[in-house]
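# Geometric and topological summary
Here is how the chains run, residue by residue.
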Amino acid sequence: MNNKFDCIVVGGGHAGVEAALASARLGVQTALITHNKKTIGVMSCNPAIGGIGKGHLTKEIDAMDGVMARAADLAGIHFRTLNASKGAAVRATRAQADRDLYRSAIQAFVKKQENLSIIEAEVSGLLLNEKNVRGVVVDNKGHIFAEKIIITAGTFLNGILHEGDKTITGGRIGDKAAKSLSDALKDIGLSVSRLKTGTPPRILSDSIDYSKLEAQPGDNPRPVFSFLGNRLQHPQQVSCHIAHTNKHTHEIINENINLSAMYSGKITGIGPRYCPSIEDKVVRFSSKGSHQVFIEPEGLNSPLVYPNGISTSLPREIQEEFVRSMEGFKDCKITQYGYAVEYDFFDPRGLTRALESKFIEGLYFAGQVNGTTGYEEAAAQGLVAGVNAALAIKEQEPWFTDRATSYIGVLVDDLITLGTNEPYRMFTSRAEHRIFLREDNADIRLTPLGRELGFVGERRWKAFGEKMSLYNRIKNELLSQRVLAITAGGEKVHDIAWQLAKRPDMNIDEIYDQIKSEQKPEGIQAREMLVTLETEAKYEGYLKRQNSDIEKLKNYDDFEIPDGFNFLQIKGLSNEMLEKFCEIRPENIGHAKRIPGVTPAAISQLLLYLKKHNAREIA
């Protein structure tokens, strides 16, 4: 076995895969070390990719030539656009995936990647030269050397599985925990805490009475996840279903709540606020008589379903009782019981924007080890860490993307600036510039940057070039030609097509139908292009204002906010903005801008007030 590489990635989950592939795409000799080669790309929990905020991250990873979205297209058996009736900024793609097809797709990408080696071993420690990494210890004896190490161990660091009063060590069912590595990281002085996540029981599909459930078909036409994807790649499509808990379900849970590992005091880690266990839902939302449960197939050839919404750590007999109390589940058969996972994570405030440790040179962290939850957040961090480790090896400047450019920038900035005391999940509400940070323009925002840095390949770059040629052609036609349109009220309007597209009662498809063009483009790409251009037209004023705010505020990042400054004296700020400022107490404008949810308008008001008054008067 080769024991010398440029970069080592520890862990074969979603963060590890994107980190290893990104590093290798930059021409760096990379080793991906995992307990088991067969589990690379496994979806440990929910078999789905995307959703609100998460779909945006997936599209951005794809724009930088990552593989998550491409795998989702190859494995997706149920596609939907969430928030389809709302503005373009918050629409999000979600794909229910076939577990086996997704894993196979990821493993195929990994297998054919040049400069990437897969090593099956357990990393038990680090090799250090004072404050610099030199490699890793494997299986408590062997040494593998590298200049850069990326830790992407997910929930495996000192992982403990809880089911009622039973506990076993592990990162997930069937896979052992990485206790030695966790201890080694603690020994070098890194700040560690505990978090918790969970999973629901798996149920035999044939044992469910679907006549009692609400069918939820996928969208028609189906969305496509990758900018390189198409619907012909999608496997057979199936419906999901919606079930509900009921009063009796909640009574069973409440009567046995003391048997849950979450409520018996056995778990000290904090669970995800936005994806709580069914025990948490019943306790925290006691006034609700029922909760939705999404019944999601695990695969085309799998007999199992994933009941999304009833994650639990109750004992097995209680799980059976409360699941069977739901309509349609009277005779259901559980094949794997739900459990909670408690694991170590390291304070991400100890990382740079490149996700490199501030204390150990050459050591990077990505994924749930940084306190996040979800495949998409992990994969985004993996991309950042992999790219930056490779750039450092090549002695090039690190790559950063800021909050105004991408959700990846929002994610990294939130983590390294504020840290987290609960599993961090991405939402569109975390981005101040979400009108600009849409799914549909992720490649326009990021692919040229990725190409410039050297990790966007020829195929994607060629496809992007063709897309932009089409984009510019259609936009020029919209900007230059006058058309006659009829409003929703029956009024005839004759104007430049672009101006008509700005109107809320006008549909760009109908407008473009009247454009005189030598050859009108057809297909999904042309349709997506029109959606992008319609959004740009309708939001043009907002986008210009937002970009103006971004540029103006860039020059004031170091403008200091005096100690003891009373934010309550600024008139016009919303209660939400005031609460954020008073809680965080930013030191300067740059710090204030990085507070999640703080708007450019609030920053402008704060800056205006500070410039009007000198520090003595304010104090």
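Anything mentioned here points back to the structure above.
It should be emphasised that the depicted structure is a prediction, and the values quoted were computed from it without experimental measurement.

Quick look at the packing of aromatic side chains now. Following the criterion strictly, the structure yields eight aromatic pairs and no others. A centroid spacing of 6.2 Å and a plane angle of 55° characterise the contact between Tyr539 and Tyr542, whose relative ring orientation is tilted. Here a set of aromatic residues connected by ring pairs shows up, and it is made of Phe565, Phe567, Phe581 and Tyr609. The ring of Phe227 has Lys59 sitting right over it, with the charged end atom 5.1 Å from the ring centre. Directly above the aromatic system of Phe400 lies the positively charged group of Arg353, at a separation of 4.0 Å from the ring centroid.

For the coordinates displayed, the defined rule picks out 32 salt bridges. The salt bridge involving Arg194 is made with Asp344; its shortest N-O contact spans 2.8 Å. On the criterion of sequence distance, the pair formed by Arg194 in strand E13 (residues 192-199) and Asp344 in strand E20 (residues 339-346) is long-range, its members being 150 residues apart. A salt bridge links Asp209 to Lys212, with the shortest nitrogen-to-oxygen separation between them at 3.7 Å. According to the relative accessible area criterion, Lys212 is partly exposed, its value standing at 45%.

Further remarks concern the sheet that holds strand E9 (residues 142-145). Ordered by their spatial adjacency, three strands build an open sheet running E7-E8-E9, and the pairing between neighbours is antiparallel. Of all the strands in the sheet, the pair left with one neighbour each is strand E7 (123-129) and E9. Taken over all neighbouring pairs, the strand axes of this sheet differ in orientation by 35° on average, direction set aside. Note: E7 against strand E8 (residues 132-138), six bridges, orientation antiparallel. Bridge pairing links Leu126 to Val136 in E8.

With that settled, the discussion passes to the nonpolar core. Ranked by size, the top nonpolar core spans 97 residues in total, and within it Ile149, Ile151, Leu185 and Leu363 carry the most contacts. When residues of this core are assigned to their parent elements, the largest contribution, 12 residues, is made by helix H9 (residues 375-393). In contact with Leu363, not counting residues within four places along its chain, are Leu126, Val133, Ile149, Ile151, Leu185, Ile188, Leu190, Leu355, Glu356 and Ser357.

This part is about the sheet that holds strand E12 (residues 166-169). In spatial order, the strands read E12-E11-E20-E13; together these four strands make up an open sheet with antiparallel pairing. With one partner strand each, in any of the chains shown, E12 and E13 form the two edges of the open sheet. Strand after strand, the sheet turns through a mean of 25° between neighbouring axes, direction not considered. Relative to the sheet, helix H5 (residues 179-187) contacts E13 and E20, its axis offset from that of E20 by approximately 30°.

Here the focus is unusual backbone geometry. Geometrically, the link from Asn220 to Pro221 is a cis peptide bond, its omega value of 5° lying close to zero. With respect to the secondary-structure elements, Pro221 resides in the loop between strand E15 (214-216) and strand E16 (240-244). A positive phi angle is found at Leu355, which is not glycine, with a value near 65°. Its place among the elements puts Leu355 in the loop between E20 and strand E21 (363-365). A positive phi angle, near 60°, is found at Glu395, a position not held by glycine. Following the sequence through the fold, Glu395 ends up in the loop between H9 and helix H10 (407-418). By relative accessible area, Glu395 is classed as exposed at 74%.

Here we come to the layout of surface pockets. Taken as a whole, the second largest pocket encloses approximately 1000 Å³ of empty space. What lines the second largest pocket is a set of 37 residues, among which Thr81, Pro223, Arg527, Glu528 and Val531 lie closest to the centre. Residue assignment for the lining of the second largest pocket shows that the elements contributing at least two residues are helix H11 (442-453), helix H12 (458-480) and helix H15 (524-538). Broken down by element, the residue count for the lining of the second largest pocket peaks at 10 residues, all from H15.

Cut-offs and rules
- Residues numbered from 1 in each chain as written.
- Predicted model: local features only at pLDDT ≥ 70, side-chain atom pairs only at ≥ 80, totals over all residues.
- Heavy atoms only, no water.
- Phe/Tyr/Trp six-rings, centres within 6.5 Å; stacked < 30°, edge-to-face > 60°.
- Lys NZ or Arg CZ within 6 Å of the ring centre and 35° of its normal.
- Salt bridge = Lys/Arg side-chain N within 4 Å of Asp/Glu carboxyl O.
- Helix = DSSP H or I, 4+ residues; strand = E, 2+ residues; numbered from the N terminus.
- Buried < 20%, exposed > 50% of the residue type's maximum accessible area, 1.4 Å probe, protein only.
- Pairing = 2+ DSSP bridges.
- Axes fitted to C-alpha atoms, helices over the stretch in contact; angles between N-to-C directions.
- Core = buried A, V, L, I, M, F, W, Y, C linked by side-chain atoms within 4.5 Å.
- Contact = heavy atoms within 4.5 Å.
- 1 Å grid on protein atoms, 1.4 Å probe; cavity = no way out; pocket = protein on both sides within 12 Å on 5 of 7 lines; lining within 4 Å.
- Points joined across faces, edges and corners; volume = space filled by probe spheres on them.

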